[in-house]
Amino acid sequence: MTETRFKQAMKNQFKKVQFTEKHREAIRKGIHEEFSDQMLLSMLQTTRTGYELTQLLYTNNKQTVHLNEGMIYAMLHRLEQQQLVVSEWQENEKRYVLSNKGVKLLTKLNKETQKLPSIQQLLKEARYAND
Amino acid sequence: MRTIKDYIQHVKGHIRNKEAHDSVEKELTYHLAKSKQAWQENGYNETDAEQQAVLEMGNATNLGISLNQIHQPKIDWLLVIPFLLAAMCSFLPLLPAELSLRDFIMRNIVIVIVGIAVAMFLMRFDFRKLVRCSTHMYILACLLFLIVLNGNAAINGVIFFKAGPLEIQGWMTLPLFLIAFAGFFAKQKKSLWSLLVLYAIGVYFFMRLSDISLLSTYTVIVATLFFASSFSRKHKLAITAAFSFLFVAFIGYLMVAPLEPYQLVRMKTIYTPGLEDSFNVLFISTVMKDLTWFGSSSQTFAGGAHTDFVLLTILQTYGIIAGVIVVCILGFIIYRIAHTLGFIHNEYARLLILGGLAFLTTQIVYQIFMLFGLVPVMSMPIPFISYGLFPMLLGSVAIGLTLSIYRRKSYI
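Residues numbered from 1 in each chain as written. Chains lettered and ligands numbered in written order. Predicted model: local features only at pLDDT ≥ 70, side-chain atom pairs only at ≥ 80, totals over all residues.

**Student:** When you look at the overall build of chain B in this model, what are you seeing that I'm missing?
**Tutor:** Across its full length, chain B carries 16 helices and 3 strands. Taking all 412 residues of chain B together, 37% fall into the buried category. In chain B, the share of contacts with a sequence separation of at least 24, taken over all contacts with a separation of at least 6, comes to 71%. (Helix = DSSP H or I, 4+ residues; strand = E, 2+ residues; numbered from the N terminus. Buried ≥ 20, exposed ≤ 12 C-beta atoms within 10 Å, placed from the backbone. Contact = placed C-beta atoms within 7 Å.)

Structure (structure tokens):
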């Protein structure tokens, strides 16, 4: 009973809202947030070792790293080759941090992400459309 | 199940470039040891913890394949091609018939081949091995100097040692000094005073050789390495001030010193361009004024047409456009080496590149300034293009070291 009423309400609420491709993309991104360069770059704003990065990913509950810790090194070495991060050996640890080029790319990527509308915004739009 | 060792062995098995193995192994071992420790703290026994740590790493083959792709040795063709072009340009001043330099062409072919071979050898050679023999390089340079200074032959008053086809000349010590000082500054972290003494010994040798251009090249190399090294700004400022003071004091002393007139004239030439060798200066300025776009073959210039005044010869015979192209090739080489510097963060590698860059730039810029009469006429050959083993070899050492570092940039 409640369910049908809820569905009804949603239908009415979203009747006048245009659900564009942009919204779709934003939601898709929100649902399966894959392990992307952007994520790794944003974690490298302070110097970290590969091991610290995997631990950080576990605490953030990213499942991609589970049983696949090695791939972080492939990514780090690739990013280093693209000059987006720089590394330094300290004793036995190899520590990585963003390079200037990496900082620039990260800001650009973050800006693009911000442009994508969030779900909150979608709800807001729905409210305004009904008013 | 596999152990940490097996896992790393498996990953390394997929990486074809053997030189990258060490750094990959070190990094993965560190990760796995940490991971194992964490599992042990969670109550696993040692074997189980190790297995778990390896399991968490995922597929070794996949990792090995991706790392192999990343660590393939790379050749900087944008540096190799201008280098080859510049080497080819060394034939240009030998071709005009008026200069009767045709005998030199065969010898130049050999020189170019030797230069390319040296650059290729150095590219394949792992420059990291050089750091261990910095001290040996320095001692070898000093020994060479002792041989040279007791030499049995001389050209233009510069002495050298000759035994059959073997010639040992003062300039051969320059690459040795470059490698030695790069090691001293980057790895051995010698104190300022010992470095000054080491530098002064070199200065003494070059003074005894009485070859100003070598002495200034040597000084430029050491000074560049010093400024790029990790010494504090205070130290750098202090040394700069001390050397400027010494220089000014020396000039000041010459002003008041009771010198013979001919000595005075010679000394004045150091800071008054054009005073020293009026014949050369006059010649350069007439040729520079009469340059045409596509060149003419009217005048001949016997002394140093293919060595010290090689750029002038090219400008005169092949025209301004050809000259500009040659300068552009050299400029591109310098740009490319500086570009490599931009993404190398290993201090030793940086210093090696910088030292090479310093003397290439000095020699090229000096030559160009000399043509415009901005600096005194001095025997300062252009790398690659001037005839002779010295310009070719020094240039190819710089190129070879840069290529060697570029090739290994992904794991140094």
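**Student:** Sorry if this is basic, but what is going on with the sheet that holds strand β2 (residues 158-163) of chain B here?
**Tutor:** Note on sheets: strands pair through backbone hydrogen bonds, and any given pair is parallel or antiparallel. Residue and element names in this part refer to chain B. Ordered by their spatial adjacency, 3 strands build an open sheet running β1-β2-β3, and the pairing between neighbours is antiparallel. With one partner strand each, in any of the chains shown, β1 (153-155) and β3 (166-168) form the two edges of the open sheet. Each strand axis lies, on average, 40 degrees off the axis of its neighbour in the sheet, ignoring direction. Direction of pairing for β1 relative to β2: antiparallel, over a ladder of 3 bridges. Of the residues in β2, the one forming a bridge with Ala 154 is Ile 159. Running over the sheet, helix α7 (residues 134-149) touches β2 and β3 and is turned about 95 degrees from β2. (Pairing = 2+ DSSP bridges. Axes fitted to C-alpha atoms, helices over the stretch in contact; angles between N-to-C directions.)

**Student:** How should the environment of Thr 54 of chain A be read in this particular structure?
**Tutor:** All names here are of chain A. Checked against the element boundaries, Thr 54 lands in helix α4 (residues 50-59). Taking the C-beta count within 10 Å as the criterion, Thr 54 has 25 such neighbours and is therefore assigned buried. Placed 40 residues apart in sequence, Thr 54 and Phe 14 show a C-alpha to C-alpha distance of 41 Å. Once residues within four sequence positions are removed from consideration, Thr 54 is found in contact with Val 65, Glu 69 and Ile 72.

**Student:** Looking at this structure, how should I read the pairing of strand β2 (residues 85-90) of chain A?
**Tutor:** A regular strand places its side chains so that they alternate between the two faces of the sheet. All names here are of chain A. Two strands pair when backbone bridges link them, and β2 and strand β3 (residues 93-98) are joined in this way by 6 bridges, in the antiparallel orientation. Along β3, the bridge assignment pairs Val 86 with Val 97. Connecting β2 to the next strand, β3, in antiparallel fashion are 2 residues, including Glu 91 with a positive phi near 55 degrees.

**Student:** What should I look at first to understand the environment of Leu 106 of chain A in this one?
**Tutor:** All names here are of chain A. One can find Leu 106 in helix α6 (residues 100-115). What makes Leu 106 partly exposed here is the crowd of 19 C-beta atoms within 10 Å. Through-space distance from the C-alpha of Leu 106 to that of Leu 40 is 9.8 Å; in sequence the pair is 66 residues apart. Residues in contact with Leu 106, not counting those within four places in the same chain, are Gln 38, Leu 41, Ser 42 and Leu 98.

**Student:** Honestly, the pairing of β3 of chain A in this entry has me stumped. Any pointers?
**Tutor:** Residue and element names in this part refer to chain A. Burial along β3 is one-sided: Lys 94, Tyr 96 and Leu 98 are buried, while Glu 93, Arg 95 and Val 97, pointing the other way, are not. Where strand β1 (residues 48-49) and β3 come together, 2 bridges link them in antiparallel fashion. Note that in β3 the partner of Arg 48 across the bridge is Tyr 96.

**Student:** For this particular structure, what's the right way to read the packing of helix α2 (residues 21-41) of chain B against helix α3 (residues 46-57) of chain B?
**Tutor:** How two helices sit against one another is set out by the angle between their axes and by the gap between those axes. Residues and elements named next belong to chain B. Their axes nearest at 8 Å, the elements α2 and α3 cross at an angle of 125 degrees. Classified by the interaxial angle, the pair formed by α2 and α3 is oblique. For the crossing formed where α2 meets α3, the hand is right-handed. Across the interface between the two elements, Leu 32, Ser 35, Lys 36, Trp 39 and Gln 40 from α2 touch Glu 46, Ala 49, Glu 50, Gln 52, Ala 53, Val 54, Glu 56 and Met 57 from α3. Taken together, the residues of the contact of α2 with α3 break down into 6 nonpolar, 3 polar and 4 charged. (Parallel < 35°, antiparallel > 145°, perpendicular 65-115°, else oblique. Left-handed = near helix turned anticlockwise from the far one by under 90°. Nonpolar A, V, L, I, M, F, W, Y, C, P; charged D, E, K, R; others polar.)

Just distances and angles here, no functional claims.
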